[in-house]
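Coordinate analysis (summary)
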Amino acid sequence: MSEKKPLINELTKGILKENPVLCLVLGTCPTLAVTTGVSSALGMGIAATAVLVCSNSVISMLRKVIPDKVRIPAYITIIAAFVTIVQMLIKAYAPTLNEALGVYLPLIVVNCIILGRAEMFASKNGIAASALDGLGMGIGFTAALFLMGSIREILGAGSWFGMNIPLLSQSPILIFILPPGGFFVFGMLMAAANKLNSVADKQIRGTDCASCPMSESCRGLDEEKECVK
């Protein structure tokens, strides 16, 4: 039981607490580019998740074999191999999605989320933990893209998954499918994610402090800090 808890944490941390888009602010270029529609947003999220899980697993498997001096080129080569496989599958089975994603699909190779997880996590941890880390980060990335794509498509085009919404399709707010609308929605979702994280941290801190014999001392230090501010 003690080994399952950290593995579960590796899976769940990327969904909100360390969401790669809304909290770590990584991968913003494809995030803003492909979220004008829900379909393209989900396609990019699923593709990136598949590459994250596969590349994390292989890099973790080879972490003791890859020389330290060439680790970054080796990581990029591994990631590029999986991106090529994913791109070929999308071209074969979802050509419309391939056209919608355009150049951003092959650019997954240099996505800082994938390379960052390879360098910071997969190269230092076991295969199971690395795979779950990649899956959790991928789910968080996909969720952020889905939320942004939904908001921008509903408000900016009056549709969802290409289906018209009667009241909104007649007078959509076109700015939401333009770059300024993307930045606005991105900022609002970041603020919401930060607020949820702060509330969760306060709840955890309050639970821990209630049973801590040093809680009064900590409260005194917090008050002193507030006075200094």
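Look up: the structure comes first, before these words.
First things first, this report covers the structure right here in the doc.

It is worth spelling out the overall build of the protein chain at this point. Scanning the protein chain for helices and strands turns up 10 helices and two strands. Each helix and strand of the protein chain, placed in order from N terminus to C terminus, yields the pattern α-α-α-α-α-α-α-β-β-α-α-α. Across the 229 residues in the protein chain, those meeting the buried criterion constitute 37%. Of the contacts formed within the protein chain by residues at least 6 apart in sequence, a portion of 73% connects residues at least 24 apart.

Unlike most non-glycine residues, V25 shows phi in positive territory, near 55 degrees. Relative to the helices and strands, V25 is located in the loop between helix 1 (4-12) and helix 2 (28-34). Taking relative accessible area as the criterion, V25 reaches 39% and is therefore assigned partly exposed.

Grouped together as the largest cluster of nonpolar side chains are 38 residues, with contacts concentrated most on L22, M44, V51, I108, F141 and F186. Mapped onto this core, the elements with two or more residues apiece are helix 2, helix 3 (38-61), helix 4 (71-93), helix 6 (112-122), helix 7 (127-157) and helix 9 (179-210).

By the definition in use, this model includes five salt bridges. A salt bridge links D133 to K13; its shortest N-O distance comes to 3.3 Å. Placement of the pair is D133 in helix 7 and K13 in the loop between helix 1 and helix 2, with a sequence separation of 120 residues. With respect to burial, D133 and K13 carry one shared label: buried. We note a salt bridge from R71 to E119, for which the minimum N-O separation is 3.1 Å. With R71 in helix 4 and E119 in helix 6, the pair connects residues that are 48 residues apart, well separated along the chain. Members of the salt-bridge network, linked through shared partners, are E10, K13, R117 and D133.

Let us look at the environment of V21. Along the polypeptide, V21 turns up in the loop between helix 1 and helix 2. Assessed through its relative accessible area of 0%, V21 is described here as buried. Sequence separation between V21 and T31 is 10 residues; the distance between their C-alpha atoms is 7.8 Å. Beyond its immediate chain neighbours, meaning those up to four positions away, V21 contacts L26, T31, F141, A144 and F186.

Further remarks concern helix 4. In this model helix 4 runs 33 Å from its N-terminal to its C-terminal C-alpha over 23 residues, within 8% of the 33 Å that 1.5 Å per residue would give. Every buried residue belonging to helix 4 is among Y75, I78, I79, F82, V83, V86, Q87 and I90, and all of these are buried. Residues of helix 4 that are buried make contact with helix 3, helix 5 (95-101) and helix 6.

All right, on to the environment of V25 then. Separated by 88 residues in the primary sequence, V25 and I113 have C-alpha atoms spaced 9.3 Å apart. Other than its neighbours up to four places away in sequence, V25 contacts P20, F186 and M190.

Before going further, it helps to examine a nonpolar patch on the surface. Residues I15, L16, L135, I139 and L196 make up a contiguous nonpolar surface patch of roughly 380 Å² in combined accessible area. Since its relative accessible area comes to 37%, I15 is described here as partly exposed.

Summarising the element assignment, R117 is placed in helix 6. Overall, the relative accessible area of 12% leaves R117 in the buried class. In this structure the side chain of R117 is engaged in a polar contact, spanning 2.8 Å, whose partner is the side chain of D133. Non-local contacts of R117, meaning those with residues more than four positions away in its chain, are made with K13, L52, N56, A122, D133 and M137.

Reading the values: rules and limits
Residues numbered from 1 in each chain as written. Predicted model: local features only at pLDDT ≥ 70, side-chain atom pairs only at ≥ 80, totals over all residues. Heavy atoms only, no water. Helix = DSSP H or I, 4+ residues; strand = E, 2+ residues; numbered from the N terminus. Buried < 20%, exposed > 50% of the residue type's maximum accessible area, 1.4 Å probe, protein only. Contact = heavy atoms within 4.5 Å. Core = buried A, V, L, I, M, F, W, Y, C linked by side-chain atoms within 4.5 Å. Salt bridge = Lys/Arg side-chain N within 4 Å of Asp/Glu carboxyl O. Expected span 1.5 Å × (residues − 1). Patch = residues over 30% accessible without salt bridge, like charges linked within 9 Å, V, L, I, M, F, W, Y side chains within 5 Å. Areas by Shrake-Rupley, 256 points an atom, 1.4 Å probe, with all protein chains shown as cover. Polar contact = N/O pair within 3.5 Å; in protein donor to acceptor, adjacent residues only side chain to side chain.

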